[in-house]
Amino acid sequence: MRAVMRTTLLVLLWLCGNREVLADKPVFELEIRDHLFFPEVLVVPANTRIKLLVSNNDPSPEEFESYELNREKVIMGKRTAVIFIGPLLPGEYPFFGEFHPETALGKVIAE
Amino acid sequence: MLLTSVIIVLREVLEAALLISILSALSGIMGISRQWLIWAFGCGVAGAVSYSLGINVISDLFEGTGQEISSAAMQFLIYVLLLVFVLLAGRSINGRHSHGALTAIVMAAIIALAITREGFEVLVYLFGFADEWRQSLAILTGALIGAGVGISAGALVYYLFSNMRRRYALLYGLCLLSLVAAGMISQAALLLIQADWLPSQLPLWDTTAWLAEQSITGTLLYALIGYEATPTAIQASCYFGGLLLLLIAVLVLYARTPRQTFRGTPD
């Protein structure tokens, strides 16, 4: 019984420690304004897990979408969304706003 | 605007429509009244409305990953319910509908969850344009066309299964549901990777050049069997593990059913 408890405690400690490591990911920011992405090109380090903060400054909702990054997330008007991406091989990864695909276009470049 | 609206609504409607058509065809084949569909629609629409009204609160949960976690939870639940459905439907292959009521509840829950998940995005999209009435007409027309195409595809699948012999309809229907379910569980895994709950990996392979996810065939296969051009190892193992579990259940139940039981039943 004691062994079980000790193992559980160790696993919990390991998880807590791990979560701190997780929080250290580099943060990159994207902004949506008038159905456009700023910046349009985001350069990020390759082979690294990245925390992407996408803030939607428009009053209308948008959906961040990328087939190449395999990501999809609804961002309501005047809200900021957290999206984790990567690790990415060096290359270009286009993304777009699914609700305004004619204007809301951009790409992530991993290098 | 019109085309965007068609694509967005079609993509969402297609997944739910396929599940609805397969389940209601199998419901008819198993001799279960389709009354559960009314409950499923009612609860699904109520769920989609509540989810979109509460989206700001939901999104902020779990350090800003509440959308991913709640969506993944719903997809995982759909998978579990589909597994339960396969076990129940498999038992009723031999003509005894001892669990008809329970099967109906499970089917209603699957569809209600699917409509909640897919309907939410359509609602957010449509209400986002409510103020811009000039665009609203194009968007609404597009939404109707998208929904129409999605529902037609569902109807096609429904009649395909309804016109099959009972034995084959059940076997193929349950196999197709297994593929849909496997797609659900791999999508749930992807959402947990996006929320950083599961470790991220480089994709195992890239079949984009062969079949792009955003192509028409890719979209259809995504809705039907959860096609993914660049899956990671976690996603692929969730997909194939989930698929294997369901297919084994289908085949074991099917093999245990004596062939003679089908002779007396009308096709």
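Data block above holds the structure.
Note that the coordinates shown come from a computational prediction; the quantities given were computed from them, not determined experimentally.

A closer look at helix H9 (residues 233–256) of chain B
And then number 1: For H9 of chain B, built from 24 residues, the straight-helix expectation of 34 Å at 1.5 Å per residue is met to within 8% by its first-to-last C-alpha distance of 34 Å.
And then number 2: Buried residues of H9 of chain B: Gln 235, Cys 238, Tyr 239, Gly 242, Leu 243, Leu 246, Val 250 and Leu 253 of chain B, and no others.

Some points on the sheet that holds strand E6 (residues 71–75) of chain A
All names here are of chain A.
And then number 1: As summarised here, the arrangement of the 5 strands in space is E3-E9-E8-E5-E6, forming an open sheet in which the pairing is mixed. Since the sheet does not close on itself, it has two edges, and those belong to strand E3 (41–44) and E6, each with one partner. Each strand of the sheet is rotated relative to its neighbour by a mean of 20°, with strand direction disregarded.

Some words on the environment of Leu 220 of chain B
And then number 1: Note that Leu 220 of chain B resides in helix H8 (residues 216–225).
And then number 2: Along the sequence, Leu 220 of chain B and Ile 110 of chain B sit 110 residues apart, while their C-alpha atoms lie 20 Å from each other.

Comments concerning unusual backbone geometry
And then number 1: A cis amide bond, omega -10°, links Phe 38 of chain A with the succeeding residue Pro 39 of chain A.
And then number 2: Mapped onto the fold, Pro 39 of chain A is located in the loop between strand E2 (36–38) and E3.
And then number 3: Look at the link from Gly 86 of chain A to Pro 87 of chain A: it is a cis peptide, with omega at 0°.
And then number 4: Within the secondary structure layout, Pro 87 of chain A lies in the loop between strand E7 (79–85) and strand E8 (91–97).
And then number 5: Backbone geometry places Asn 70 of chain A, a non-glycine residue, at a positive phi of 65°.
And then number 6: By the element assignment, Asn 70 of chain A lies in the loop between strand E5 (62–66) and E6.
And then number 7: Looking at Asn 70 of chain A, the number of C-beta atoms within 10 Å reads 21, which means it is buried.
And then number 8: Residue Asp 196 of chain B is not a glycine yet carries a positive backbone phi of 70°.
And then number 9: Tracing the sequence through the fold places Asp 196 of chain B in the loop between helix H7 (166–194) and H8.

What counts and what doesn't
Residues numbered from 1 in each chain as written. Chains lettered and ligands numbered in written order. Predicted model: local features only at pLDDT ≥ 70, side-chain atom pairs only at ≥ 80, totals over all residues. Helix = DSSP H or I, 4+ residues; strand = E, 2+ residues; numbered from the N terminus. Expected span 1.5 Å × (residues − 1). Buried ≥ 20, exposed ≤ 12 C-beta atoms within 10 Å, placed from the backbone. Pairing = 2+ DSSP bridges. Axes fitted to C-alpha atoms, helices over the stretch in contact; angles between N-to-C directions.

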